Amino acid sequence: MRDQDDFLTIGRFARLCRLSVKQLRHYDDTGLLPPARVDPATGYRYYVPAQARDALTVALLRELDVPLAVIAATLAAAEPERARLLRAERDRVAERITRDRARLELLERLAEGGGLPGYEITLGREPQRRLAVVRAVAGPGELAERTGACVGALLAGLDGTPWRPPLWGLFPLDLAEGMRIAIGAEAGEVDGLEREVLSGGPVVETVHHGPYAQLPLAYHALLAAVHERGLRPLAPVREAYLVGPGEAPAEEWTTRLVVRVEERTEETA
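What counts and how
- Residues numbered from 1 in each chain as written.
- Predicted model: local features only at pLDDT ≥ 70, side-chain atom pairs only at ≥ 80, totals over all residues.
- Heavy atoms only, no water.
- Helix = DSSP H or I, 4+ residues; strand = E, 2+ residues; numbered from the N terminus.
- Rg over C-alpha atoms; globule rule 2.2 N^0.38 Å.
- Buried < 20%, exposed > 50% of the residue type's maximum accessible area, 1.4 Å probe, protein only.
- Contact = heavy atoms within 4.5 Å.
- Areas by Shrake-Rupley, 256 points an atom, 1.4 Å probe, with all protein chains shown as cover.
- Lys, Arg positive; Asp, Glu negative; His and termini not counted.
- Charge placed at Lys NZ, Arg CZ, Asp CG, Glu CD.
- Polar contact = N/O pair within 3.5 Å; in protein donor to acceptor, adjacent residues only side chain to side chain.
- 1 Å grid on protein atoms, 1.4 Å probe; cavity = no way out; pocket = protein on both sides within 12 Å on 5 of 7 lines; lining within 4 Å.
- Points joined across faces, edges and corners; volume = space filled by probe spheres on them.
- Pairing = 2+ DSSP bridges.
- Axes fitted to C-alpha atoms, helices over the stretch in contact; angles between N-to-C directions.
- Parallel < 35°, antiparallel > 145°, perpendicular 65-115°, else oblique.
- Left-handed = near helix turned anticlockwise from the far one by under 90°.
- Nonpolar A, V, L, I, M, F, W, Y, C, P; charged D, E, K, R; others polar.

Novice: Got a sec to walk through the overall build of the protein? Specific residues and values, please.
Specialist: Per the secondary structure count, the protein includes seven helices and 11 strands. Taking 2.2 N^0.38 as the reference for a compact globule, 269 residues should give roughly 18 Å; the C-alpha atoms of the protein span a radius of gyration of 28 Å, well beyond that estimate. Along the longest, intermediate and shortest principal axes, the C-alpha atoms of the protein span 85 × 45 × 40 Å. Within the span of the protein, comprising 269 residues, buried residues form 39% of the whole. Looking at the protein alone, contacts between residues at least 24 apart form 70% of all its contacts between residues at least 6 apart. Working note: accessible area of the protein is about 15,800 Å², and carbon and sulfur atoms make up 53% of it. Of the side-chain charges in the protein, 34 are positive and 40 negative, and the distance between the mean point of each set is 4 Å.

Novice: Which residues make up the environment of glutamate 142, and what values go with them?
Specialist: Relative to the helices and strands, glutamate 142 resides in the loop between β5 (129-138) and α6 (143-157). Residue glutamate 142 is classed as partly exposed on the basis of its relative accessible area, which comes to 31%. Here the alpha-carbon distance between glutamate 142 and glutamate 112, two residues 30 residues apart in the chain, equals 28 Å. There is a polar contact of 2.7 Å between the side chain of glutamate 142 and the backbone nitrogen of glycine 139.

Novice: A description of the layout of surface pockets should follow, citing residues and the corresponding values.
Specialist: Using a probe with the size of a water molecule, rolled over the atoms, empty space left in the structure can be pinpointed. Quantified by volume, the largest pocket comes out at close to 1,400 Å³. Lining the largest pocket are 41 residues, and of these Leu143, Ala144, Tyr212, Ala213 and Leu215 sit closest to its centre. Secondary structure elements with two or more residues in the lining of the largest pocket: α5 (81-112), α6, β6 (163-171), α7 (215-228) and β10 (231-243). When residues of the lining of the largest pocket are assigned to their parent elements, the largest contribution, eight residues, is made by α5. Lining the second largest pocket are Cys17, Arg18, Leu19, Gln23, Tyr27, Leu56, Ala59, Leu60, Arg62 and Glu63. At the level of elements, α2 (21-29) and α3 (52-63) are the ones that each hand at least two residues to the lining of the second largest pocket.

Novice: Which residues make up the sheet that holds strand β11 (residues 254-263), and what are the values?
Specialist: The antiparallel open sheet is built from eight strands, whose spatial order is β4-β9-β11-β10-β6-β7-β5-β8. Since the sheet does not close on itself, it has two edges, and those belong to β4 (122-126) and β8 (194-198), each with one partner. On average, each strand axis in the sheet is tilted by 35° relative to the strand beside it, whichever way the strands run. Alignment of β6 against β10, held across five bridges, turns out to be antiparallel.

Novice: An account of the packing of helix α1 (residues 10-17) against α3 is requested, with residue identities and associated values reported.
Specialist: For the pair α1 and α3, interaxial distance at closest approach is 9 Å and the crossing angle is 60°. Judged by the inter-axis angle, α1 sits oblique to α3. As α1 runs across α3, the sense of the crossing is right-handed. Here Phe13, Leu16 and Cys17 of α1 lie close against α3, whose contacting residues are Ala52, Ala55, Leu56 and Ala59. Class assignment of the residues belonging to the contact of α1 with α3 gives a composition of seven nonpolar, no polar and no charged.

Novice: Explain the packing of α3 against helix α4 (residues 68-76) residue by residue, including any values.
Specialist: The axes of two packed helices give the description: the angle between them and the distance between them. Closest axis-to-axis distance for the α3/α4 pair is 10 Å, and the angle between their directions is 145°. In the packing of α3 onto α4, the handedness of the crossing is right-handed. Within the contact between the two elements, α3 uses Asp54, Thr57, Val58, Leu61 and Arg62 and α4 uses Leu68, Ile71 and Leu75. Among the residues forming the contact of α3 with α4, the class breakdown is five nonpolar, one polar and two charged.

Novice: Can you tell me about the pairing of β11, naming the residues and giving the values?
Specialist: Within β11, seven of the 10 residues are buried, which leaves it mostly tucked inside the rest of the structure. Pairing analysis gives seven bridges linking strand β9 (residues 201-209) to β11, with the strands arranged antiparallel. Counted as the bridge partner of threonine 206 is leucine 257 from β11.

Read these as layout, nothing more, since geometry by itself doesn't imply function.
Pasting the structure below:
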(Lines give C-alpha, C1' and ligand atoms only; values in the text may rest on other atoms or scores of the structure.)
Protein backbone atom coordinates (compact mmCIF):
# COMPACT_ATOMS: atom_id res chain seq x y z
CA MET A 1 0.00 0.00 0.00
CA ARG A 2 1.40 3.38 -0.99
CA ASP A 3 1.73 6.10 1.60
CA GLN A 4 -0.50 9.08 0.95
CA ASP A 5 2.61 11.28 0.78
CA ASP A 6 3.79 9.34 -2.30
CA PHE A 7 0.97 10.75 -4.38
CA LEU A 8 1.16 14.03 -6.28
CA THR A 9 -1.84 16.11 -7.22
CA ILE A 10 -2.42 16.58 -10.92
CA GLY A 11 -1.30 20.21 -10.64
CA ARG A 12 2.02 19.38 -8.94
CA PHE A 13 2.66 16.50 -11.36
CA ALA A 14 1.91 18.72 -14.35
CA ARG A 15 4.49 21.29 -13.19
CA LEU A 16 7.02 18.55 -12.52
CA CYS A 17 6.66 17.12 -16.02
CA ARG A 18 6.20 20.36 -17.98
CA LEU A 19 2.69 19.40 -19.03
CA SER A 20 -0.57 21.20 -18.50
CA VAL A 21 -3.41 19.85 -16.37
CA LYS A 22 -5.55 19.83 -19.49
CA GLN A 23 -2.99 17.68 -21.29
CA LEU A 24 -2.79 15.21 -18.41
CA ARG A 25 -6.56 14.89 -18.36
CA HIS A 26 -6.57 14.27 -22.11
CA TYR A 27 -3.82 11.64 -21.85
CA ASP A 28 -5.82 9.93 -19.11
CA ASP A 29 -8.99 9.97 -21.20
CA THR A 30 -7.14 8.41 -24.16
CA GLY A 31 -5.43 5.79 -21.98
CA LEU A 32 -1.98 7.14 -22.78
CA LEU A 33 -1.00 8.17 -19.23
CA PRO A 34 -3.58 7.18 -16.59
CA PRO A 35 -3.04 8.44 -13.02
CA ALA A 36 -1.83 6.09 -10.32
CA ARG A 37 -5.00 6.74 -8.32
CA VAL A 38 -8.36 8.41 -8.78
CA ASP A 39 -10.27 9.41 -5.65
CA PRO A 40 -13.65 7.65 -5.98
CA ALA A 41 -15.43 10.38 -4.04
CA THR A 42 -14.00 13.49 -5.71
CA GLY A 43 -12.66 12.17 -9.02
CA TYR A 44 -9.33 13.88 -8.31
CA ARG A 45 -6.40 12.35 -10.15
CA TYR A 46 -3.16 11.54 -8.36
CA TYR A 47 0.20 10.53 -9.79
CA VAL A 48 3.42 9.10 -8.37
CA PRO A 49 7.02 10.22 -9.04
CA ALA A 50 7.77 6.98 -10.86
CA GLN A 51 5.41 8.12 -13.64
CA ALA A 52 7.52 11.20 -14.33
CA ARG A 53 9.79 9.46 -16.84
CA ASP A 54 6.85 8.39 -19.01
CA ALA A 55 5.23 11.80 -18.65
CA LEU A 56 8.43 13.57 -19.70
CA THR A 57 8.76 11.18 -22.64
CA VAL A 58 5.22 12.04 -23.70
CA ALA A 59 5.96 15.76 -23.42
CA LEU A 60 9.14 15.44 -25.50
CA LEU A 61 7.55 13.31 -28.23
CA ARG A 62 4.53 15.60 -28.47
CA GLU A 63 6.92 18.55 -28.84
CA LEU A 64 8.38 16.62 -31.79
CA ASP A 65 4.84 16.24 -33.20
CA VAL A 66 4.82 12.45 -32.80
CA PRO A 67 1.23 11.11 -33.07
CA LEU A 68 -0.40 9.96 -29.82
CA ALA A 69 -0.86 6.42 -31.16
CA VAL A 70 2.88 6.12 -31.80
CA ILE A 71 3.66 7.50 -28.34
CA ALA A 72 1.32 4.98 -26.72
CA ALA A 73 2.94 2.09 -28.61
CA THR A 74 6.41 3.37 -27.69
CA LEU A 75 5.60 3.60 -23.98
CA ALA A 76 4.16 0.09 -24.00
CA ALA A 77 7.09 -1.43 -25.88
CA ALA A 78 10.34 -2.80 -24.54
CA GLU A 79 13.70 -2.67 -26.28
CA PRO A 80 14.42 -3.28 -29.12
CA GLU A 81 10.80 -2.70 -30.23
CA ARG A 82 10.79 0.80 -28.73
CA ALA A 83 13.87 1.73 -30.78
CA ARG A 84 12.27 0.31 -33.94
CA LEU A 85 9.15 2.41 -33.42
CA LEU A 86 11.16 5.58 -32.90
CA ARG A 87 13.29 4.90 -35.98
CA ALA A 88 10.14 4.38 -38.04
CA GLU A 89 8.84 7.73 -36.84
CA ARG A 90 12.21 9.30 -37.66
CA ASP A 91 11.94 7.93 -41.20
CA ARG A 92 8.42 9.34 -41.53
CA VAL A 93 9.65 12.78 -40.51
CA ALA A 94 12.61 12.52 -42.90
CA GLU A 95 10.23 11.68 -45.75
CA ARG A 96 8.06 14.68 -44.87
CA ILE A 97 11.14 16.93 -44.80
CA THR A 98 12.14 15.67 -48.25
CA ARG A 99 8.67 16.51 -49.60
CA ASP A 100 8.76 19.93 -47.94
CA ARG A 101 12.21 20.61 -49.39
CA ALA A 102 10.91 19.80 -52.88
CA ARG A 103 7.98 22.18 -52.33
CA LEU A 104 10.39 24.85 -51.11
CA GLU A 105 12.48 24.49 -54.27
CA LEU A 106 9.35 24.78 -56.40
CA LEU A 107 8.33 27.97 -54.63
CA GLU A 108 11.86 29.33 -54.96
CA ARG A 109 11.83 28.71 -58.70
CA LEU A 110 8.45 30.40 -58.98
CA ALA A 111 9.67 33.38 -56.95
CA GLU A 112 12.84 33.75 -59.01
CA GLY A 113 10.82 33.88 -62.23
CA GLY A 114 8.14 36.18 -60.86
CA GLY A 115 5.55 33.47 -61.48
CA LEU A 116 5.30 30.30 -63.52
CA PRO A 117 8.49 29.70 -65.54
CA GLY A 118 8.16 29.79 -69.29
CA TYR A 119 8.14 26.55 -71.25
CA GLU A 120 8.25 26.26 -75.01
CA ILE A 121 5.19 24.24 -76.04
CA THR A 122 5.20 22.63 -79.46
CA LEU A 123 2.69 20.67 -81.51
CA GLY A 124 3.93 17.65 -83.40
CA ARG A 125 3.36 14.03 -84.25
CA GLU A 126 4.64 11.02 -82.40
CA PRO A 127 5.27 7.63 -84.04
CA GLN A 128 3.86 4.41 -82.67
CA ARG A 129 6.24 2.91 -80.15
CA ARG A 130 6.47 -0.65 -78.88
CA LEU A 131 7.87 -0.81 -75.38
CA ALA A 132 8.99 -3.51 -73.00
CA VAL A 133 7.68 -2.31 -69.65
CA VAL A 134 7.64 -2.87 -65.91
CA ARG A 135 4.42 -1.78 -64.19
CA ALA A 136 3.54 -0.77 -60.65
CA VAL A 137 0.69 0.65 -58.59
CA ALA A 138 1.43 3.80 -56.61
CA GLY A 139 -0.07 6.71 -54.72
CA PRO A 140 1.10 10.29 -55.26
CA GLY A 141 3.43 10.13 -52.26
CA GLU A 142 5.02 6.92 -53.52
CA LEU A 143 5.53 8.00 -57.11
CA ALA A 144 9.27 8.69 -56.97
CA GLU A 145 10.03 5.51 -55.03
CA ARG A 146 7.92 3.23 -57.26
CA THR A 147 9.22 4.85 -60.44
CA GLY A 148 12.81 4.29 -59.33
CA ALA A 149 12.03 0.66 -58.49
CA CYS A 150 10.50 0.17 -61.95
CA VAL A 151 13.60 1.65 -63.60
CA GLY A 152 15.81 -0.78 -61.71
CA ALA A 153 13.60 -3.77 -62.55
CA LEU A 154 13.40 -2.78 -66.22
CA LEU A 155 17.15 -2.36 -66.64
CA ALA A 156 17.71 -5.71 -64.93
CA GLY A 157 15.16 -7.32 -67.27
CA LEU A 158 16.79 -5.74 -70.34
CA ASP A 159 20.28 -6.90 -69.37
CA GLY A 160 21.90 -8.26 -72.54
CA THR A 161 18.96 -7.23 -74.74
CA PRO A 162 19.42 -4.43 -77.31
CA TRP A 163 17.14 -1.47 -76.65
CA ARG A 164 16.81 2.09 -77.90
CA PRO A 165 17.18 4.96 -75.43
CA PRO A 166 15.61 6.87 -73.78
CA LEU A 167 13.64 5.22 -71.03
CA TRP A 168 9.96 6.19 -71.04
CA GLY A 169 7.70 6.82 -68.06
CA LEU A 170 3.96 6.31 -68.54
CA PHE A 171 1.57 7.97 -66.10
CA PRO A 172 -2.17 8.72 -65.83
CA LEU A 173 -3.46 12.23 -66.38
CA ASP A 174 -4.74 12.42 -62.80
CA LEU A 175 -2.50 11.52 -59.88
CA ALA A 176 -4.50 9.47 -57.39
CA GLU A 177 -4.18 6.58 -54.98
CA GLY A 178 -3.88 3.23 -56.72
CA MET A 179 -2.77 4.68 -60.05
CA ARG A 180 -1.00 2.40 -62.51
CA ILE A 181 2.38 3.54 -63.80
CA ALA A 182 4.98 1.97 -66.07
CA ILE A 183 8.58 2.43 -67.14
CA GLY A 184 9.53 1.14 -70.58
CA ALA A 185 12.06 1.08 -73.37
CA GLU A 186 11.83 0.39 -77.08
CA ALA A 187 12.98 -3.21 -77.44
CA GLY A 188 11.96 -6.50 -78.96
CA GLU A 189 10.22 -9.27 -77.08
CA VAL A 190 11.89 -9.77 -73.69
CA ASP A 191 11.12 -12.73 -71.45
CA GLY A 192 9.65 -11.59 -68.16
CA LEU A 193 8.69 -8.11 -69.36
CA GLU A 194 5.25 -6.94 -70.42
CA ARG A 195 4.54 -5.13 -73.68
CA GLU A 196 2.97 -1.71 -74.21
CA VAL A 197 2.08 -0.23 -77.59
CA LEU A 198 1.95 3.57 -77.55
CA SER A 199 -0.30 4.91 -80.27
CA GLY A 200 1.15 7.47 -82.65
CA GLY A 201 -0.56 10.68 -83.64
CA PRO A 202 -0.69 14.38 -82.80
CA VAL A 203 0.96 15.43 -79.55
CA VAL A 204 1.70 18.51 -77.49
CA GLU A 205 5.13 18.46 -75.86
CA THR A 206 7.68 20.42 -73.89
CA VAL A 207 11.11 19.87 -72.32
CA HIS A 208 11.87 20.26 -68.62
CA HIS A 209 15.36 20.96 -67.30
CA GLY A 210 15.87 20.25 -63.62
CA PRO A 211 14.96 17.79 -60.84
CA TYR A 212 11.96 15.51 -61.22
CA ALA A 213 10.38 17.15 -58.17
CA GLN A 214 9.91 20.27 -60.31
CA LEU A 215 8.09 18.44 -63.12
CA PRO A 216 4.70 19.80 -61.91
CA LEU A 217 5.75 23.18 -63.32
CA ALA A 218 6.19 21.67 -66.76
CA TYR A 219 2.95 19.72 -66.50
CA HIS A 220 1.08 22.89 -65.56
CA ALA A 221 2.39 24.69 -68.65
CA LEU A 222 1.82 21.70 -70.93
CA LEU A 223 -1.74 20.88 -69.87
CA ALA A 224 -2.72 24.55 -69.80
CA ALA A 225 -1.56 24.82 -73.42
CA VAL A 226 -3.53 21.70 -74.34
CA HIS A 227 -6.77 23.13 -72.97
CA GLU A 228 -6.13 26.63 -74.33
CA ARG A 229 -5.85 25.12 -77.81
CA GLY A 230 -9.20 23.39 -77.40
CA LEU A 231 -7.61 19.94 -77.43
CA ARG A 232 -8.37 16.85 -75.35
CA PRO A 233 -5.41 15.14 -73.61
CA LEU A 234 -5.19 11.37 -73.85
CA ALA A 235 -3.56 9.11 -71.28
CA PRO A 236 -0.96 8.02 -70.63
CA VAL A 237 1.26 11.06 -70.22
CA ARG A 238 4.72 10.15 -71.50
CA GLU A 239 8.03 11.19 -69.97
CA ALA A 240 11.23 10.58 -71.96
CA TYR A 241 14.29 10.71 -69.72
CA LEU A 242 16.92 12.26 -72.01
CA VAL A 243 19.44 13.10 -69.26
CA GLY A 244 18.98 11.69 -65.79
CA PRO A 245 20.60 10.52 -62.57
CA GLY A 246 24.19 9.36 -62.99
CA GLU A 247 24.62 11.42 -66.15
CA ALA A 248 24.54 14.99 -64.83
CA PRO A 249 23.71 17.08 -61.72
CA ALA A 250 19.99 17.28 -60.91
CA GLU A 251 19.67 20.83 -62.27
CA GLU A 252 20.81 19.50 -65.68
CA TRP A 253 18.44 16.54 -65.90
CA THR A 254 16.40 16.77 -69.10
CA THR A 255 12.92 15.29 -69.45
CA ARG A 256 10.70 15.46 -72.52
CA LEU A 257 6.99 15.53 -71.67
CA VAL A 258 4.59 14.31 -74.34
CA VAL A 259 0.78 14.24 -74.28
CA ARG A 260 -1.15 12.73 -77.18
CA VAL A 261 -4.15 14.90 -78.06
CA GLU A 262 -7.27 14.96 -80.17
CA GLU A 263 -9.71 17.66 -81.22
CA ARG A 264 -12.53 18.25 -78.78
CA THR A 265 -16.04 17.48 -79.98
CA GLU A 266 -19.39 18.20 -78.35
CA GLU A 267 -19.33 14.66 -76.96
CA THR A 268 -15.84 14.99 -75.41
CA ALA A 269 -16.02 18.65 -74.31
